[in-house]
Number of protein chains: 2
Amino acid sequence: MASKKISMAVIKRLPRYHRYLNYLLELGIKRVSSKELSTRMGITASQIRQDLNCFGGFGQQGYGYNVESLYTEIGNILGINKTFNCIIIGAGNMGQALANYGNFEKRGFSIIAVFDVNTSIIGKKIKDLEIRDLNDIDDFVLENKVDIAMLCVPYRETAGLADRVAKLGVKGLWNFSPMDLKIPYDVIVENVHLSDSLMVLGYKLNDKFSRE
Amino acid sequence: MASKKISMAVIKRLPRYHRYLNYLLELGIKRVSSKELSTRMGITASQIRQDLNCFGGFGQQGYGYNVESLYTEIGNILGINKTFNCIIIGAGNMGQALANYGNFEKRGFSIIAVFDVNTSIIGKKIKDLEIRDLNDIDDFVLENKVDIAMLCVPYRETAGLADRVAKLGVKGLWNFSPMDLKIPYDVIVENVHLSDSLMVLGYKLNDKFSRE
């Protein structure tokens, strides 16, 4: 069967499958039906079959999916077996939270440097990484292979910094500032808007419990 | 026209419209066409018209949308004018990042307490909030109106704590642990999975620049 392009909608659900399959592996579960996955994940079984069929992850009638091979296959599609070198720009709370978050490393995202402008924290360490002076970022990016910049700086400074690292050749930007980034370079941007998720939670609370 | 139920897909896009309209207001822009919004937001103009028509936010031919009234209307739908009392459970980096994030307050999410188990930080302050002993959480929730618990504790402890506060009557859970929460109470859960977003970024980088 010719491999076909997997839609972005499916791709966006793959990390979730990957997490669940990892969890099943940890529990020692070797096979799972689409129905069991459906119950655990809160996605319909037909959606699951459709998603997994997209990349040839066919379950067998009466057997279900082999947890380990499905886990490996999804990991391969997501590029888990590759390593991305990442830098964090902005060592405030969010930057520090990301630097301390062990799960990224396990998924192939290696944080190799943290930058800030605040002289009172430059030189201090987060885990084994010294916080560097933002003035040195250009040299650092030119001397090291940097795949992803995680932008954790105030909103007003985000676009300028995104522009700066993109010009230096960084191809991936993970943006935590409240405004979606658009920059005139050939880069991939993923925006994380925590407030949006909280506002949806607020909406659902209002809608369901009609608090007045 | 009878008001109709707005679909969750539209609701999920509303915070983004709200952010953009706020930005336009700050720039002193009074009206905007769906085409201009489309260019700024990277959503098609027809999608924008369709989304905004859902709740009667009709633009006028040749005039566009009144920025301020659209902003207000979307805010009303999202319940921005209401206040939600929130507590943060877990004062690690993510909990501290949330406690320090000023934008939530502006959107009606008031953080009224932070809890942790770590005796070396209990009693310390984050902004004007003292970190409280997690042992006191039951009394606090019973004595105060708590709408939302923000769960920033390690994965293994999340389900138990979610269960504990849900039993006490907290109706909204904002979960930052890597596993989706399912608990047998009548609560609303929004999960934030930062790794998922990063994995999608990694996939797109591989796909576009085919790094090998």
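About the criteria used
Residues numbered from 1 in each chain as written. Chains lettered and ligands numbered in written order. Predicted model: local features only at pLDDT ≥ 70, side-chain atom pairs only at ≥ 80, totals over all residues. Heavy atoms only, no water. UniProt positions renumbered as here; feature names shortened; annotations may be inferred. Helix = DSSP H or I, 4+ residues; strand = E, 2+ residues; numbered from the N terminus. Buried < 20%, exposed > 50% of the residue type's maximum accessible area, 1.4 Å probe, protein only. Contact = heavy atoms within 4.5 Å. Pairing = 2+ DSSP bridges. Axes fitted to C-alpha atoms, helices over the stretch in contact; angles between N-to-C directions. Core = buried A, V, L, I, M, F, W, Y, C linked by side-chain atoms within 4.5 Å. Salt bridge = Lys/Arg side-chain N within 4 Å of Asp/Glu carboxyl O. Phe/Tyr/Trp six-rings, centres within 6.5 Å; stacked < 30°, edge-to-face > 60°. Least-squares fit on C-alpha atoms with pLDDT ≥ 70 in both. Buried area = accessible area lost by both parts, 1.4 Å probe. Nonpolar A, V, L, I, M, F, W, Y, C, P; charged D, E, K, R; others polar.

Looking at an unreviewed UniProt entry, one finds chain A named Redox-sensing transcriptional repressor Rex, with Ruminiclostridium hungatei as its source organism. Taken verbatim from the UniProt record of chain A, the Function (unreviewed entry) comment is "Modulates transcription in response to changes in cellular NADH/NAD(+) redox state." Of chain A, the UniProt comment under Subunit (unreviewed entry) reads exactly: "Homodimer."

Visitor: I keep staring at the UniProt feature "binding site: NAD(+)" (unreviewed entry) in chain A and nothing clicks. Help me out?
Guide: UniProt's feature table lists "binding site: NAD(+)" (unreviewed entry) at A:Gly90, A:Ala91, A:Gly92, A:Asn93, A:Met94 and A:Gly95, given in the numbering used throughout. If you trace the backbone, A:Gly92 turns up in the loop between strand S3 (84-89) and helix H5 (93-100). Relative accessible area serves as the criterion here: at 36%, A:Gly92 is assigned to the partly exposed category. Along the chain, the position of A:Met94 falls in helix H5. On the basis of relative accessibility, which here comes to 15%, the residue A:Met94 falls in the buried class. Each residue touching A:Met94, except ones within four places of it in the same chain, is listed here: A:Cys152, A:Phe176, A:Leu194, B:Met94 and B:Ala97.

Visitor: It is not clear to me how the sheet that holds strand S4 (residues 109-116) of chain B should be interpreted in this structure. Could you clarify?
Guide: Backbone-to-backbone hydrogen bonds pair the strands of a sheet. The strands run either parallel or antiparallel. Residue and element names in this part refer to chain B. Strand order in the open sheet formed by seven strands is S5-S6-S4-S3-S7-S8-S9, and the pairing between neighbours is mixed. The two strands at the open ends of the sheet, each matched to only one other strand, are strand S5 (125-126) and strand S9 (188-191). Strand direction decides the pairing type here: S4 and strand S6 (residues 129-133), joined by three bridges, are parallel. Residue pairing for S6: Phe115 is matched across the bridge by Arg132. Sitting on the sheet, helix H8 (residues 155-167) touches strand S3 (84-89), strand S7 (148-151) and strand S8 (172-175), and the angle it makes with S7 is about 170°.

Visitor: What am I meant to see in the nonpolar core here?
Guide: A general feature of soluble globular proteins is that nonpolar side chains tend to end up buried together. Residues A:Trp174 and B:Trp174 are the most contacted members of the largest nonpolar core, which totals 104 residues. Beyond its immediate chain neighbours, meaning those up to four positions away, A:Trp174 contacts A:Leu98, A:Phe104, A:Ile148, A:Ala149, A:Met150, A:Leu151, A:Glu190, A:Val192, B:Leu194, B:Ser197, B:Leu198 and B:Leu201.

Visitor: Please explain the pattern of salt bridges as it appears in this structure.
Guide: When the charged atoms of two side chains lie near each other, side chains of opposite charge can form a pair. Counted according to the given criterion, the structure contains 16 salt bridges over all chains. With a shortest N-O distance of 2.6 Å, A:Lys204 and B:Glu190 are connected by a salt bridge. Taken together, the residues span two chains, with A:Lys204 in helix H9 (residues 194-209) and B:Glu190 in strand S9. Taken as a pair, A:Lys204 and B:Glu190 share a single burial class, namely buried. B:Asp51 is the salt-bridge partner of B:Arg13, the closest N and O atoms lying 2.7 Å from each other. Taken together, the positions of B:Arg13 in helix H1 (residues 8-26) and B:Asp51 in helix H3 (residues 45-53) put the pair 38 residues apart, joining distant regions of the chain.

Visitor: For this particular structure, what's the right way to read unusual backbone geometry?
Guide: Keep in mind that most residues, glycine aside, have a negative phi and that most peptide bonds are trans. Its identity is not glycine, yet A:Lys127 carries a phi of approximately 50°, on the positive side. If you trace the backbone, A:Lys127 turns up in the loop between strand S5 (125-126) and strand S6 (129-133).

Visitor: Could you clarify how one ought to interpret the packing of aromatic side chains in this entry?
Guide: The way to describe two aromatic rings as a pair is by their centre distance and the angle between their planes. All names here are of chain A. A complete count under the given rule lists 12 aromatic pairs over all chains for this structure. A ring pair is formed by Phe104 and Trp174, whose centres lie 5.6 Å apart and whose planes are at 80°; its orientation type is edge-to-face. Of this pair, Phe104 sits in helix H6 (residues 103-106) while Trp174 sits in strand S8 (residues 172-175), and the two are 70 residues apart along the sequence. Note on accessibility: Phe104 and Trp174 belong to one class, buried. Three or more aromatic residues link up through ring pairs in this structure, and these residues are Tyr101, Phe104, Trp174 and Phe176.

Visitor: Before we go on, may I ask you to explain the environment of B:Arg40 in this structure?
Guide: For B:Arg40, the position within the fold is in helix H2 (residues 34-41). For B:Arg40, a relative accessible area of 30% corresponds to the partly exposed category. Placed 160 residues apart in sequence, B:Arg40 and B:Val200 show a C-alpha to C-alpha distance of 23 Å. When neighbours within four sequence positions are excluded, B:Arg40 is seen to be in contact with A:Lys182, B:Tyr20, B:Tyr23, B:Leu24, B:Leu27 and B:Ile29.

Visitor: Looking at this structure, how should I read the relation of the copies chain B and chain A?
Guide: For the pair of chain copies, the relating operation is a rotation around an axis with a shift along it. Once chain B is rotated about the relating axis by 180° and shifted along it by 0.0 Å, it coincides with chain A to within an RMSD of 0.0 Å. Those values place the two copies in the arrangement expected of a two-fold rotation axis.

Visitor: Looking at this structure, I do not really get the pairing of S4(B). What am I missing?
Guide: Two faces make up the sheet, and in a regular strand the side chains alternate between them. Residues and elements named next belong to chain B. Extensive coverage of S4 is indicated by the burial of seven of its eight residues. Here six bridges tie S3 to S4, and the two strands are oriented parallel to one another. The residue of S4 that forms the bridge with Asn85 is Ser110.

Visitor: Help me understand the interface of chain B and chain A in this model?
Guide: Buried accessible area, meaning the area lost when the parts come together, often serves as the stated size of an interface. Contacts between the two partners involve 71 residues from chain B and, on the opposite side, 71 residues from chain A. The junction of chain B with chain A conceals about 6,600 Å² of combined surface from both sides, 62% of it contributed by carbon and sulfur atoms. There are eight salt bridges connecting chain B and chain A. As a salt-bridge pair, A:Glu26 and B:Arg156 come within 3.6 Å of each other at their nearest N and O atoms. A total of 16 residues in the side of chain B that touches chain A trace back to one element, the largest contributor, which is helix H9 (residues 194-209) of chain B. For the side of chain B that touches chain A, the per-class residue count stands at 35 nonpolar, 14 polar and 22 charged.

Visitor: Whenever I open this one, the sheet that holds strand S9 (residues 188-191) of chain A confuses me. Can you help?
Guide: Residues and elements named next belong to chain A. Strand order in the open sheet formed by seven strands is S5-S6-S4-S3-S7-S8-S9, with mixed pairing between adjacent strands. For this open sheet the edge positions go to S5 and S9, each flanked by a neighbour on one side alone. Where helix H8 (residues 155-167) meets the sheet, its contacts fall on S3, strand S7 (148-151) and S8, and the angle it forms with S7 comes to roughly 170°.

Visitor: Can you walk me through the UniProt feature "DNA-binding region" (unreviewed entry) in chain A in this structure?
Guide: Using the residue numbers shown here, the UniProt feature "DNA-binding region" (unreviewed entry) corresponds to residues 16-55 of chain A. With 70% helix and 5% strand, residues 16-55 of chain A has its two end C-alpha atoms placed 16 Å apart.

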